[in-house]
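Now for the letters of each chain:
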Amino acid sequence: MRFSSIIIQPFRPEDSIDRGFITEKLEEIFSLPVVWKSPMGLPAAAFDPARRQYLGSYFLRELLSLVQGENIVLGIVSVDLYEPGLNFVFGVASGYTRTAVISTFRLHNSFYGLPEDPAVFNERVLKEAVHEIGHTLGLGHCPNPECVMHFSNSIADTDRKSYMFCPSCYSKVKAAIGL
Ligand SMILES: [Zn+2]
Ligand SMILES: [Zn+2]
C-alpha cells in the first residue's frame, strides 16, 4: 500500500511538544510528510468522572473524519487515557482505520515527581508516536526490549527502548509503506 502522509491532530494545545523534532524524526523514520492540524477540543463524552480519565478508543472515532485517501492519523492528548481492563494506556491504535492516539500525561517527568526535562519528554513522545503508528501499519508487539514496538507497561519500559524499529520490525514497516 502507498501512504501519502501522517496527519497529527492535537486535542488541546500541548505546549511542551517540540513539533520540529517530532516532525523531522517521523519523516525520517517513515519517509512520509507530517502535517499538523490545529488543535480540536476534547470530546467530553470520552471522560469517565469516576476514573478521572478519558477512554482512549473514543478518540479514534473522533479522528475518523481525518482519514482520507491513504493517510495515517495520529491524535495527541495531554489528558490521561484508559482502556477497559487497564489502569492507563500511553496510547491506542487501530490497524483497520489507521488511526492512533497518544497521551503525554504520563510522559512528563513531573508526573513521577522529578524535574521536567524537555529532551526526555520529547523523546518519549516520539517513541509513543512511532509505536502507535507502527500498530496502524499492522505491527504487533516485539519481544526485543530495545525495539520501539516493545510493549511499555511503565515509563521505565519506554525509557529503555529506542525510537527506532529493530531490523525485523523495520522490514515490516517498509513492506507496509511500500518503501
Ligand atoms: Zn502497543
Ligand atoms: Zn521489533
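Definitions and cut-offs
Residues numbered from 1 in each chain as written. Chains lettered and ligands numbered in written order. Predicted model: local features only at pLDDT ≥ 70, side-chain atom pairs only at ≥ 80, totals over all residues. Heavy atoms only, no water. Pairing = 2+ DSSP bridges. Helix = DSSP H or I, 4+ residues; strand = E, 2+ residues; numbered from the N terminus. Contact = heavy atoms within 4.5 Å. Axes fitted to C-alpha atoms, helices over the stretch in contact; angles between N-to-C directions. Buried < 20%, exposed > 50% of the residue type's maximum accessible area, 1.4 Å probe, protein only. Donors = N, O, S within 2.8 Å, 3.2 Å for Na, K, Ca; no water. Salt bridge = Lys/Arg side-chain N within 4 Å of Asp/Glu carboxyl O. Core = buried A, V, L, I, M, F, W, Y, C linked by side-chain atoms within 4.5 Å.

Visitor: Hey, could you run me through the sheet that holds strand β6 (residues 81–83) in this one?
Guide: Two strands in a sheet stick together by hydrogen bonds in their backbones, pointing the same way (parallel) or opposite ways (antiparallel). Strand order across the open sheet formed by four strands is β3-β4-β6-β7, with mixed pairing between neighbours. Looking at which strands have only one partner, the edges of the open sheet turn out to be β3 (47–48) and β7 (86–89). Across two bridges, the pairing between β6 and β7 is antiparallel. Bridge pairing links Leu81 to Val89 in β7. Sheet contacts for helix α2 (residues 56–63): β4 (53–55) and β6; angle to β4, the most-contacted strand, approximately 50 degrees.

Visitor: Quick question: what am I supposed to make of the environment of Leu64 here?
Guide: Note that Leu64 resides in the loop between α2 and β5 (71–77). When its relative accessible area of 40% is taken as the criterion, Leu64 is described as partly exposed. Leu64 sits 75 residues away from Leu139 along the chain, and the two C-alpha atoms are 20 Å apart.

Visitor: For this particular structure, what's the right way to read the coordination of the zinc ion (ligand 1)?
Guide: At the metal site, the zinc ion (ligand 1) is ligated by His131 (NE2), His135 (NE2) and His141 (NE2), and these contacts range over 2.0 to 2.1 Å. Within one chain, the residues donating to the zinc ion (ligand 1) are spaced in sequence as H-x3-H-x5-H. Taken together, the residues span a long stretch of sequence, with His131 in helix α3 (residues 118–136) and His141 in the loop between α3 and α4 (155–160) at a distance of 10 residues. Classification of His141 as partly exposed rests on a relative accessible area of 46%.

Visitor: Could you clarify how one ought to interpret the coordination of the zinc ion (ligand 2) in this entry?
Guide: Each donor-metal-donor angle in an ideal tetrahedron of four donors is 109.5 degrees, and each such angle in an ideal octahedron of six donors is either 90 or 180 degrees. Looking at the zinc ion (ligand 2), one finds its protein donor set to be Cys142 (SG), Cys147 (SG), Cys166 (SG) and Cys169 (SG), positioned 2.3 to 2.4 Å from the metal centre. Sequence spacing of the donors to the zinc ion (ligand 2): C-x4-C-x18-C-x2-C. Linking Cys142 in the loop between α3 and α4 with Cys166 in the loop between α4 and α5 (167–177), this pair joins segments that are 24 residues apart in sequence. Like Cys142, the residue Cys166 is buried in the burial classification.

Visitor: What is the right way to look at the pairing of strand β9 (residues 99–103) in this model?
Guide: Two faces belong to every sheet, and in a regular strand the side chains alternate between them. Across the five residues of β9, five count as buried, placing the element largely inside the fold. Of the two faces of β9, both are covered, the one formed by Thr99, Val101 and Ser103 as well as the one formed by Ala100 and Ile102. Two elements, β5 and β9, share five bridges in a ladder whose sense is parallel. Bridged to Val77 within β9 is Ser103. Alignment of strand β8 (residues 91–94) against β9, held across four bridges, turns out to be antiparallel. The partner of Val92 across the bridge, within β9, is Val101. In this antiparallel pair of consecutive strands, β8 and β9, the connection spans four residues, and Arg98 shows a positive phi of 55 degrees.

Visitor: I'm lost on the pattern of salt bridges in this one. Help?
Guide: Per the counting criterion, the structure on display carries five salt bridges. Its salt-bridge partner being Lys25, residue Glu28 comes within 4.0 Å of it at the nearest N-O pair. Note that Glu28 and Lys25 are positioned in helix α1 (residues 19–30) at a spacing of three residues, about one turn of the helix. Judged by its relative accessible area of 47%, Glu28 is partly exposed. One salt bridge connects Glu70 with Arg98, and the closest N-O pair in it is separated by 3.5 Å. Within this pair, whereas Glu70 is found in the loop between α2 and β5, its partner Arg98 is found in the loop between β8 and β9, the two being separated by 28 residues in sequence.

Visitor: Which parts of the structure should I look at to understand the nonpolar core?
Guide: Across soluble globular proteins, you tend to see nonpolar side chains buried next to one another. Core analysis: the biggest nonpolar cluster contains 38 residues, and Ile8, Leu26, Phe30, Leu137 and Phe165 have the highest contact counts within it. Every element with two or more residues in this core is listed here: β1 (5–11), α1, β2 (34–36), β5, β9, α3 and α5. Of all the elements, α3 adds the most residues to this core, at six residues. When residues no more than four places from it in sequence are discounted, the contact partners of Leu26 are Ile8, Ser31, Val34, Leu126, Ala129, Val130 and Ile133.

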